[in-house]
Amino acid sequence: MTLFTVSSAYASAIKQTKGDFEDKFRQLEEVLPTPNVYRNASGEPGEKYWQQKVDYKIKISLDENKRRLTGTEDITYQNNSPYKLKYLWVQLDQNIFKEDSIANVANNFGGVGRRGPYTAPGDAKTPAKISLGELRRQQFMADNELGYEISAVKDSRGKAIDFTVVGTQMRIDLPKPLKSGEDVEFTIDFAFNIVEEDAVSARSGYEHFPDDAREGGNDIFLLAQWFPRLHAYTDYEGWNNKEFLGRGEFTLEFGDYEVEIEVPADHIVSSTGVLTNPKDVLTKTQRKRLEKAKTAKRPVFIVTEEEALANEKAGTNKRKTWKFKAENVRDFAWASSRKFMWDAKGYDQGGDDMPFVMAMSFYPKEGGDLWKKYSTESVIHTMEVYSRYSFDYPYPTAQSVNGPVGGMEYPMITFNGPRTELQDDGSRTYSQAEKRFLIGVVIHEIGHIYFPMIVNSDERQWTWMDEGLNSFLDGVAGREWDPNIPWGVEPRDIVGYMKSEQQVPIMTQSDSVLRLGPNAYTKPAAALNILREVVLGRELFDFAFKEFSVRWKFKRPTPADFFRTMEEASGVDLDWFWRGWFYSTDHVDIAIDKVYQMRLDTHDPDIDFARLRDIENNKPSSLFVERNKAEGKELWINRNPDVSDFYDENDRFTVTNKERNDYQDFLKGLKPWERKALERAVKEDKNYYVLEFSNKGGLVMPILLELTYKDGSVEEQYIPAEIWRRTPKHVRKLIVTDKDKELASVVVDPGWETADVDVENNHYPRQIIPSRVEAYKKKKRSGKVHRDIMQDIKTELKKDQEASDKDKAE
């Protein structure tokens, strides 16, 4: 029995052949590493999971005038792996600034791969260009001896150990193999000249303020990647000895630190860890202010603006040593300057791990009211939100420091760049953009203390595992601060990149990514936003994400551990999602092509024939006939009514008893359940709509529908991604409505929640595309030949200011 009439297009929609069918739901097990005793199939650390531990005792001295660091570090390396180690690999990140480093020699002129500003490569029509910033960088590197000077590597008895420097790495050959469960102690003496961050666009360095009142000006020093650090040795790769090229950041081991930092006596130091000698470096007043800050409602100044300004002017030849201790951290960074004012506020987060945290900010006068109002408060807001989605903040301090680095993160300390603008009347103001930038960058960088400083992913390989996860969460925290600020994690924010030719899979190694921001930050953040809001729902997603965070707190997860945990904890097969979003360059473009409206074939001629007549009568009339009517032409049959027969009164839809008898015979042939189902369907007289969709972008996704009915009501429907499982290019969906709910229009993804790159094909019927016609004035041509040289040559030459002042004095 055939109840519906559908077109032959249905056959092509379900076509599956060797040359046409692609399984978008193929399981990822063929791609992911095989589970083992170190990492199990559920995404948990295995029963024999291990990681190394490295402890450091460092003494460092800052020569402000020479902008140079000199130090010695005593390292204890504990081999927790089941393997014997003949040598150790150390990271020498400062060597990236050497003239012959791979990063410098292999750098593309167009700048692809460089962290900082770059010039666009030329083409046949546009000559190549070089920026003044790039010239400044080249000149600074030519004028300064950069990179590490390793003066000694010694064992615990002071005996020299052989070592070999390989670019940004150093191999230390152990006197004897280090067995599983053993540790080894050794010392490295090192020094290097600090780079000017504004010149080389690094993650650390100094910033010079020549206009400060002090003779020679002042500097802010942000010190990261400043000491030789052990490479990670892991169960999934062994030694992670990948050259530091700039984009792929770090993979490090946890350990305990004791660090002594010698600086000019008028400097204020912010650092990873806890200050252990406050009486030696802080005044009694400053210590009292710190105590008051613990319970204050708003940040309390430990060093006031007035005190910082006084420090800027004075200067001293005396020295102080600040001592810090940090436990279970994977890195150590610090900042130092006499320009710093310092505010602090206590945060009672409760819990058992770290019930009290001191939030602090360090910034110069250039930070102004922007920093006074928002920096420390943003730090606390971040901890409050992130702890809900992961775990309680486990360290005693969380700091935001203003300096030349736009944004970087380390355990307990972050570097953040936005500032105020000095006006002619001496006031300092800031734009709405700078306010948004400060709040956003503080949330992002403090969030990084969770990911990857605690959930210790491998940034050298998978930038998205720290930047993407963190960008997703900073979007959650940011929108809880102010949803009107564009946080850049909405699905609509990634549309341009998703359809661009520069897109590479998210799972691309960090240094090979073409466009780091969209690939490592925005796309994974948008993907997780979609996973939470569209695919899983908040309850399932939040439970699984928290489970992943807790499982891998102070451990080293891989992408497979994340994928497996999210599936195992949510109870949803997500292999299609990971494959499409993380392993491919497909994009979302789901089009609604056709909508078929159908009525039930009742087989009752008194019903069906009447419907057919209505359809016929509702067809548009012939233009010829309508014009004849308008001209008053009378039909021949009307002028001669006596010439007529039976068919002038009965059309082809007239029902006879023969059709009625056939219908009765049809009913008699039905089984009882068939007749019952048919009679109910006839009575209900529902509308049957078949919606036809095509997947033009390749990325399978749920189909979000907005159905608008002729009575003005609107309904939303969710079709899971599994609809594409057998026909990933074309699908059809049956929508059944009550007889009084006739469909007027359909919209796919009406809220732009799936990163669909073409919203024009999301409407049925199609809509007029909003645009505008702009009137414009033709611009004057600007080539050299179009200059009015005859006029321009009359222009008087301007004198520089110094010569002008001299002329006035004379």
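Residues numbered from 1 in each chain as written. Predicted model: local features only at pLDDT ≥ 70, side-chain atom pairs only at ≥ 80, totals over all residues. Heavy atoms only, no water.

Colleague: Describe the overall build of the protein, listing the residues and the values that go with them.
Modeller: Of the regular secondary structure elements, the protein holds 22 helices and 32 strands. For the protein, the C-alpha radius of gyration of 36 Å lies well beyond 28 Å, the compact-globule estimate for 810 residues. Seen along its three principal axes, the alpha-carbon backbone of the protein occupies a region of about 125 × 85 × 55 Å. Taken over 810 residues, the protein has a buried fraction of 49%. Taken as a whole, the protein presents about 40800 Å² of accessible surface, with 50% of it coming from carbon and sulfur. In the protein, 116 positive and 135 negative side-chain charges are present, and the distance between their average locations comes to 1 Å. (Helix = DSSP H or I, 4+ residues; strand = E, 2+ residues; numbered from the N terminus. Rg over C-alpha atoms; globule rule 2.2 N^0.38 Å. Buried < 20%, exposed > 50% of the residue type's maximum accessible area, 1.4 Å probe, protein only. Areas by Shrake-Rupley, 256 points an atom, 1.4 Å probe, with all protein chains shown as cover. Lys, Arg positive; Asp, Glu negative; His and termini not counted. Charge placed at Lys NZ, Arg CZ, Asp CG, Glu CD.)

Colleague: How would you sum up helix α19 (residues 657-668)? Please name residues and give values.
Modeller: Relative to the 16 Å expected for 12 residues at 1.5 Å per residue, α19 spans 16 Å between its end C-alpha atoms, a close match to the ideal helical length. Taken residue by residue, α19 has Tyr663, Phe666 and Leu667 as its buried positions. The buried residues of α19 occupy one face: seen down the axis, they fall within an arc of 95 degrees. For α19, the exposed residues lying more than 90 degrees away from the buried face are Asn657, Lys658 and Lys668. The elements touched by buried residues of α19 are α16 (605-617) and α20 (672-684). (Expected span 1.5 Å × (residues − 1). Arc of directions from axis to C-beta. Contact = heavy atoms within 4.5 Å.)

Colleague: Which residues make up the pattern of salt bridges, and what values go with them?
Modeller: Scanning the model with the defined rule gives 62 salt bridges in all. Note that aspartate 93 is salt-bridged to arginine 229, the shortest N-O span being 2.1 Å. Placement of aspartate 93 in the loop between β3 (85-91) and α2 (102-105) and of arginine 229 in strand β10 (residues 229-230) is noted, with a sequence separation of 136 residues between them. Salt-bridge contacts for glutamate 307 lead to arginine 289; the nearest nitrogen and oxygen are separated by 2.9 Å. (Salt bridge = Lys/Arg side-chain N within 4 Å of Asp/Glu carboxyl O.)

Colleague: Describe in detail the environment of alanine 308, supporting the description with residues and values.
Modeller: Within the secondary structure layout, alanine 308 lies in helix α7 (residues 305-314). Spatially, the C-alpha atom of alanine 308 lies 9.5 Å from that of aspartate 266, the residues being 42 residues apart in sequence. In this view, alanine 308 contacts Val303, Arg338, Lys339, Phe340 and Met341; residues no more than four positions away in its chain are not counted.

Colleague: Go over the packing of helix α12 (residues 516-536) against helix α15 (residues 575-582) with me, naming the residues and quoting the values.
Modeller: Put simply, α12 and α15 touch, their axes get as near as 11 Å, and they point 155 degrees apart. Here α12 lies roughly antiparallel to α15, going by the angle between them. In this structure, the crossing between α12 and α15 has a hand that is right-handed. Taking contact as the criterion, the partners of Lys523, Pro524, Ala527, Ile530, Leu531 and Val535 in α12 are, on α15, Trp576, Phe577, Trp578, Trp581 and Phe582. (Axes fitted to C-alpha atoms, helices over the stretch in contact; angles between N-to-C directions. Parallel < 35°, antiparallel > 145°, perpendicular 65-115°, else oblique. Left-handed = near helix turned anticlockwise from the far one by under 90°.)

Colleague: Account for a positive patch on the surface, naming residues and giving values.
Modeller: On the surface, Lys84, Lys86, Lys176 and Lys179 cluster together into a patch of positive charge. Looking at the element boundaries, lysine 176 is found in strand β6 (residues 169-178). A relative accessible area of 62% means that lysine 176 is categorised as exposed. (Patch = residues over 30% accessible without salt bridge, like charges linked within 9 Å, V, L, I, M, F, W, Y side chains within 5 Å.)

Colleague: Residues and numbers for the nonpolar core, please.
Modeller: In terms of nonpolar packing, the biggest core is built from 196 residues, with Trp226 and Phe577 touching the most fellow members. Looking at which element gives the most residues to this core, the answer is α12, with 11 residues. Counting residues in each nonpolar core, the second largest holds 10 residues, with Met598, Leu600, Leu670 and Leu678 among its members. (Core = buried A, V, L, I, M, F, W, Y, C linked by side-chain atoms within 4.5 Å.)

Colleague: So what's going on with helix α6 (residues 284-293)? Which residues, and what values?
Modeller: Gln286, Arg289, Leu290 and Ala293 are the residues of α6 that are buried. Summarising the axial view, the buried residues of α6 lie within an arc of 105 degrees, below the 170-degree limit, and thus occupy one face. Facing away from the buried surface of α6 by more than 90 degrees, the exposed residues are Lys284, Lys288 and Lys292. Structurally, α6 contributes buried residues whose contacts are with α5 (278-281), β16 (300-303), α7, β19 (341-348) and β20 (356-363).

Colleague: Which residues make up the sheet that holds strand β17 (residues 319-329), and what values do they have?
Modeller: In spatial order, the strands read β4-β7-β2-β1-β13-β17-β15; together these seven strands make up an open sheet with mixed pairing. The outermost strands of the open sheet, each flanked by one partner alone, are β4 (149-155) and β15 (274-275). Direction of pairing for β4 relative to strand β7 (residues 183-193): antiparallel, over a ladder of six bridges. Its bridge partner being in β7, isoleucine 150 is matched across the sheet by phenylalanine 190. (Pairing = 2+ DSSP bridges.)

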